[in-house]
Amino acid sequence: MKINGSKILITGGSLGIGKATAKILVEGGAGVIITGRDNDRLASAAEETGAIPFKADVAKSEDIERTYQFVREKWGRLDVLVNNAGIGSQSKHLTDVTEVDFMNVYQVNVIGAAMMAKYAAQMFKEQRYGNIINIASTAARKGYEKGSVYASSKFALRGMTECWQAELRRYNVRVILINPSEVTTAFGNPDRIERNVRSNRLRSEEIAHTVKASLEMDDRGFIPELTVFATNPWEE
Ligand SMILES: NC(=O)c1ccc[n+]([C@@H]2O[C@H](COP(=O)([O-])OP(=O)(O)OC[C@H]3O[C@@H](n4cnc5c(N)ncnc54)[C@H](OP(=O)(O)O)[C@@H]3O)[C@@H](O)[C@H]2O)c1
């Protein structure tokens, strides 16, 4: 697809990967709406990227409905949903996890992403065109010690991606899963301060570049899943 002139909705666009993705897509000529839960963070991200801010929490169904009402009023159409908003949880052994740990993370990473995609898919079916990018993780491909909650939420997103690919290709909708390995963002930081960039670690920019490059392929083709590794993250 052509980025220039396209209309793109990014959840969790006020920091990290979502913000870097908004920036590169606005620079490419797209109209971009970013969502997030905090007005101040959204306002500064909007200023930095040129994207349109919209306060909405993907864990709240009324916020999801308001988001699509805004998209329809603003643009009347949508080319891309980037399902990026996601949260982690404290790493815990299976013997210590609680139902609440699962509910909190699943409400955002699984149910929130699914409901965002549901409304996008309704528009895309009407348009007979669209793209959904799901930002999962390398944790969507391999479990690890104390990862029950987060890894299983991303496995779910990966599974749903395959379902949506099977359902939506016939409507000219491409559904693409992107799995970043560790990226130096504020992810998992309760104070929401970004971690220091290190020369051998992935930055949000690498993932933003991956989103843009995967969208830029001609609409007749798509990459179902991409994983992004840092080349040599072990060097101190
Ligand atoms: N960083 C990594 O190492 C890494 C690796 C693999 C995959 N990922 C995935 O990449 C995605 C982005 O992560 P990131 O590292 O950029 O995280 P981040 O720096 O914590 O940013 C997350 C963004 O999502 C927003 N957000 C969080 N919960 C939300 C909700 N319920 N509704 C709407 N917006 C919400 C945050 O803003 P507010 O807090 O203001 O709402 C922020 O804009 C996530 O899905 C994450 O699982 C990250």
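Presented here is an overview of the structure given in this document. Just so it is clear, the structure is predicted and the values come from calculations on it, not from any experiment.

On to the overall build of the protein chain. The secondary structure content of the protein chain amounts to six helices and seven strands. Relative to its length of 236 residues, the protein chain is compact, with a C-alpha radius of gyration of 17 Å against a globular reference of 18 Å. Counting only C-alpha atoms, the protein chain reaches 45 × 35 × 35 Å along its principal axes. Expressed as a percentage of its 236 residues, the buried residues of the protein chain come to 41%. Partitioning the contacts of the protein chain with sequence separation of at least 6, the portion at a separation of at least 24 is 65%.

What follows deals with helix H3 (residues 61-74). For H3, with 14 residues, the first-to-last C-alpha span of 20 Å sits near the 20 Å given by 1.5 Å per residue. Taken together, the buried positions of H3 are Ile 64, Thr 67, Tyr 68 and Val 71. When H3 is viewed along its axis, its buried side chains cluster within an angular range of 90 degrees and face the same direction. What points out from H3, more than 90 degrees from its buried face, is the exposed set Glu 62, Gln 69 and Glu 73. In this structure, the buried side of H3 is in contact with strand E1 (7-10), strand E2 (31-36), strand E3 (52-55) and helix H4 (99-127). Of the residues flanking the end of H3, it is Gly 76, one or two places downstream, whose phi is positive at about 75 degrees.

Val 32, Ile 34, Ala 51 and Leu 81 are the most contacted members of the largest nonpolar core, which totals 60 residues. Here this core gets seven residues from one element, more than from any other, and that element is H4.

Residues of helix H2 (residues 39-49) that are buried: Leu 42, Ala 45, Ala 46 and Thr 49. Viewed end-on, H2 has its buried residues packed into an arc of 105 degrees, placing them on one side of the element. The exposed set on the far side of H2, more than 90 degrees from its buried face, consists of Asp 40 and Glu 47. Here the buried face of H2 lies against helix H1 (16-27), E2 and E3.

To continue, consider the sheet that holds strand E4 (residues 80-83). Taken in spatial order, the seven strands of this open sheet run E3-E2-E1-E4-E5-E6-E7, and their pairing is parallel. Edge positions in the sheet fall to E3 and strand E7 (225-228), since each of these pairs with one other strand and no more. Here the average twist between neighbouring strands, direction ignored, is 20 degrees. For E1 and E2, the ladder comprises four bridges, and the chain directions are parallel. Its bridge partner lying in E2, Ile 10 is registered against Ile 34. Contacting E1, E2, E4, strand E5 (130-135) and strand E6 (173-180), H1 runs over the sheet at an angle of about 165 degrees to E2.

Within the element layout of this structure, Phe 155 appears in helix H5 (residues 148-168). Expressed as a C-alpha distance, the spacing of Phe 155 and Ala 139, which sit 16 residues apart in the sequence, is 7.3 Å.

Attention shifts here to the site of the ligand. Taken together, 31 residues surround the ligand, and among them Gly 12, Gly 16, Arg 37, Gly 86 and Phe 187 come closest. Of all elements in the fold, only H1, E2 and H4 reach the threshold of two or more residues within the shell around the ligand. Per-element accounting of the shell around the ligand gives the leading share, three residues, to H1. A class-by-class count of the residues in the shell around the ligand yields twelve nonpolar, 13 polar and six charged.

The rules behind the values
Residues numbered from 1 in each chain as written. Predicted model: local features only at pLDDT ≥ 70, side-chain atom pairs only at ≥ 80, totals over all residues. Helix = DSSP H or I, 4+ residues; strand = E, 2+ residues; numbered from the N terminus. Rg over C-alpha atoms; globule rule 2.2 N^0.38 Å. Buried ≥ 20, exposed ≤ 12 C-beta atoms within 10 Å, placed from the backbone. Contact = placed C-beta atoms within 7 Å. Expected span 1.5 Å × (residues − 1). Arc of directions from axis to C-beta. Core = buried A, V, L, I, M, F, W, Y, C linked by C-beta atoms within 7 Å. Pairing = 2+ DSSP bridges. Axes fitted to C-alpha atoms, helices over the stretch in contact; angles between N-to-C directions. Near = placed C-beta within 6 Å. Nonpolar A, V, L, I, M, F, W, Y, C, P; charged D, E, K, R; others polar.

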